[in-house]
Structure formats: C-alpha cells, structure tokens
Amino acid sequence: MPVQFAAKRLGKELNKIQNGLPPGIELVSADNLEEWLLDIRVLDNNPLYLNETYRLKFRFSQSYPIEPPEVVFVKQADRPIPIHPHIYSNGIICLDLLGQQGWSPVQSVESVCMSLQSMLTGNTKNERPPGDEEFVRGNKQRPKDIEFYYHDNTV
C-alpha cells in the first residue's frame, strides 16, 4: 500500500513539474520514482550565488510523502556546492524541513526547491557550517539518518 501511495504522489508531482516550475528551478531528470535531479538558481543579485546553478539530488523512499525525501547538493564541473552556513562541502543540507521534525506531507519537490532558493537568497555569510571538514571526513551516515541539532534560524 505505501509503495502505491508514494508512486501515485510522485506521479502527480512529476506531472505538475513537467507542466512548469517556478523561475530558477529546472527538472534535469526523473527517469524513475526513486531519484530525481533538479537545478536551482538564486534569482536575486546576491553576490555569493550570482550566475551560479546548483544541482540537487532527491531520493525518495517508499514512505514518501509521509517521510521526507533525502535531498543533497551534487558537485559537478559546472555545478558547485553552494557555500552556506547550513550546507556542508559534501552537499549535505542541515535544514529542519528535510528532517522528520520539520517535514510535512503537504511539502513537495517544488516547495523544497523553493525553500532552498529562499535559504540561499537570504544568506550573507560566505562560510560553511562549523566543523565542516571533520563532519565531511568522519560522516558515514546517509543524510536522512543524521540527527542535526537545529539551533540557528537566522541564516
């Protein structure tokens, strides 16, 4: 039953996405209902992200949308990992919306992309999270299994 629900929900989201996304968000690939790639751009003149495009990878469990998707930034030659106090250099994002506590089934791929756009737009700090190097070097967990402590809502 949950697998059918996830597939039905993702099918609806994909149909909506294929009919148009907000400015600065583009579907790259959605060949299956397990992993999608999307590109996002910051649309204002924030000098930290001006003229950059960032690649997001969404991974969906069979419990989507009850459980949040796993979302990370993916580095490619022309797609850097954005520098932000809540984005680790390996692409893992510390955002309550992507964790069990902050997630709601009313969220969607589109709303997550818009939230990340907004998070980047409002950022003025050209820095990684504290302990980035140690975290990246030592982390063996998938993003969905990491229990972040959300303590800084100002960024």
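Only a predicted model underlies this, so the values are computations on that prediction, with no experimental measurement involved.

S.K.: Residue-level account of the sheet that holds strand S1 (residues 25–29), with values.
M.R.: Taken together, four strands build an open sheet; the order of strands is S1-S2-S3-S4 and the sheet is antiparallel. Every interior strand has two partners, whereas the edge strands, S1 and strand S4 (70–74), have only one. Adjacent strand axes in the sheet meet at a mean angle of 30°, parallel and antiparallel pairs treated alike. Here five bridges tie strand S3 (residues 53–59) to S4, and the two strands are oriented antiparallel to one another. Counterpart to Arg55 in the pairing with S4 is Val74. Packed on one face of the sheet, helix H2 (residues 109–121) meets S1, strand S2 (35–41), S3 and S4 and runs near 35° to S2.

S.K.: Which residues make up the packing of aromatic side chains, and what are the values?
M.R.: For the structure shown, the criterion picks out six aromatic pairs. Seen in terms of ring centroids, Trp36 and Phe60 are 4.9 Å apart; in terms of plane orientation they differ by 70°. Their pairing is edge-to-face. You can see Trp36 sitting in strand S2 and its partner Phe60 sitting in the loop between S3 and S4, a full 24 residues away along the chain. Exposure class is identical for Trp36 and Phe60. Each is buried. Taking the centre distance of 6.2 Å and the plane angle of 20° together, the rings of Phe58 and Phe60 count as stacked. For Phe58, a relative accessible area of 0% gives the class buried. By way of ring pairs, the aromatic residues Trp36, Phe58, Phe60, Tyr64 and Trp103 are connected into one cluster.

Cut-off values and rules
- Residues numbered from 1 in each chain as written.
- Predicted model: local features only at pLDDT ≥ 70, side-chain atom pairs only at ≥ 80, totals over all residues.
- Heavy atoms only, no water.
- Pairing = 2+ DSSP bridges.
- Helix = DSSP H or I, 4+ residues; strand = E, 2+ residues; numbered from the N terminus.
- Axes fitted to C-alpha atoms, helices over the stretch in contact; angles between N-to-C directions.
- Contact = heavy atoms within 4.5 Å.
- Phe/Tyr/Trp six-rings, centres within 6.5 Å; stacked < 30°, edge-to-face > 60°.
- Buried < 20%, exposed > 50% of the residue type's maximum accessible area, 1.4 Å probe, protein only.

Coordinates in, geometry out; function isn't part of it.
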